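One letter stands for each residue in the lines below.
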Amino acid sequence: MGCAQLSLMPPVATIEACVAALERQNHQNLNRAAVNVAWALAMLEVCDLPTWEQLMAVAASNGAPLADVEYKQLAQAHLLMQLRYGGSVPCPPQLLQSSKAVWQAGLFGRQREQQRLQGKTVSQFEGLLAAAVGQLAGGHVMEAGHIAHSGRGEPLLQVDIALPQLRIAVEADGPWHFIRNRAGPDGQPLLDGPTRARNRLLRHHGWHVVGVPYWVFEAALKTDTPQTALLAHLQQRTDLAAAIEQRSVSPS
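The numbers attached to residues start from 1 for each chain and follow its sequence in the written order. Since the coordinates come from a predicted model, pLDDT governs what is reported: local features require at least 70, and pairs of side-chain atoms require 80 or more to be given and counted, while whole-chain, interface and lining totals use all residues. Hydrogens are left out, water is left out, and the side-chain values use all remaining heavy atoms of the structure.

You'll find the chain entered in an unreviewed UniProt entry as RAP domain, with Chlorella sorokiniana given as the organism.

Written out as structure tokens, the structure is:
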């Protein structure tokens, strides 16, 4: 799981040994371990169907219920596997139904709580960024905390700021979305594994994703007009305006 968080690819032999060890063991939490491994391998895009089937067999062999976090991991892993193998990725029916139920309850529960609190849970970063996006959105509907769905109607995940009609997502990527000790060519921290997977999932289902990193927000706060600074970043350093224009003519 640490490798998946850090987007570090373990050697093939290590992956094979991990899966083989799961099949040989027999303890109460073995199903949880199998789900953890399935999530990590799906996140890293190195889980083939035979390995997935092995892990699902182990996960279903123990009748002990999973915790909500493991059900969510299984639901996310299944969605990521479908990106590679289509809608026929096998999963024990009871596990799949339970994982989807917990995944959806988590998404819509969070959305309802945000609505109940009338935006009080929205961070300053998200609030200022939403205002800047609104200046570019024209007459298009903008929604914070939007639940993105697949073409089959499955809820995928919650988007920070969405233009739902155009399927455009703008994400306020805080420090927890980055690997602080690994930098890209521009010298800035790299996105972590779950955030890369989030973007991959959205893009596969027709969403245009624009990420705004926390250091842009921190720089904007040092100006007299943070919203204007964020707007300038969106206009000059992202393709948001072009995406809005293109998708307004022929939405995805």
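### Considering the environment of S98
The following threshold applies: By the criteria applied, helices consist of DSSP H or I runs no shorter than four residues and strands consist of E runs no shorter than two, each listed in order from the N terminus.
Note on placement: S98 falls in helix α6 (residues 93-116). Counting along the chain gives 26 residues from S98 to K72, while the straight-line C-alpha distance between them is 9.3 Å.

### Remarks on the pattern of salt bridges
Rules: What makes a salt bridge here is a side-chain nitrogen of Lys or Arg within 4 Å of a carboxyl oxygen of Asp or Glu, nothing more. Using a 1.4 Å probe on the protein chains alone, a residue whose accessible area is under 20% of its type maximum counts as buried, one over 50% counts as exposed, and one in between counts as partly exposed.
Under the criterion given, the structure shown has 6 salt bridges. Ionic pairing is found between E70 and R32, a salt bridge with its closest N-O pair at 3.7 Å. Pair noted here: E70 is in helix α5 (residues 68-85) and R32 is in helix α3 (residues 30-43), with a separation of 38 residues, a long-range link. R32 gets classed as partly exposed once you look at its relative accessible area, which sits at 30%. Residue R152 pairs with E154 through a salt bridge whose shortest N-O separation is 2.9 Å. Because the salt bridges share partners, they merge into one network encompassing K100, R152 and E154.

### Here we look at unusual backbone geometry
Glycine aside, negative phi is the norm for most residues, and most peptide bonds take the trans geometry. Unlike most non-glycine residues, S7 shows phi in positive territory, near 55°. Tracing the chain through its elements places S7 in the loop between α1 (2-6) and α2 (12-24). According to the relative accessible area criterion, S7 is partly exposed, its value standing at 25%. One non-glycine residue, E45, adopts positive backbone phi at about 60°. Topologically, E45 is positioned in the loop between α3 and α4 (49-61). The class for E45 is partly exposed, based on a relative accessible area of 40%.

### Topic: the state of the cysteines
By definition, a disulfide links the sulfur atoms of two cysteines through a covalent bond. What counts is decided by this rule: Counting rule for disulfides: a pair of cysteine sulfur atoms within 2.5 Å.
All chains considered together, the criterion is met by 0 disulfides. No disulfide involves C47; its sulfur sits 11 Å from the nearest other cysteine sulfur, which is in C18.

### Focus: the sheet that holds strand β3 (residues 168-173)
In plain terms, the rule: In this scheme, strands are said to pair when DSSP sees at least two bridges between them. To get an axis, fit a line to the C-alpha atoms, keeping to the stretch in contact for a helix; angles then go from 0 to 180 degrees between the N-to-C directions. Throughout, a contact is declared for two residues whenever any of their heavy atoms are within 4.5 Å.
Reading across from one edge, β1-β2-β3-β6 is the order of the 4 strands in this open sheet, with mixed pairing throughout. Only two strands of the sheet have a single neighbouring strand rather than two, namely β1 (143-149) and β6 (208-213). The mean inter-strand angle of the sheet, taken between neighbouring strand axes irrespective of direction, is 45°. Bridging between β1 and strand β2 (residues 155-163) involves 6 bridges; their strand directions are antiparallel. Across the sheet, residue A144 finds its bridge partner in β2, namely I161. Along the sheet, helix α11 (residues 240-249) makes contact with β2, β3 and β6, crossing β3 at roughly 160°.

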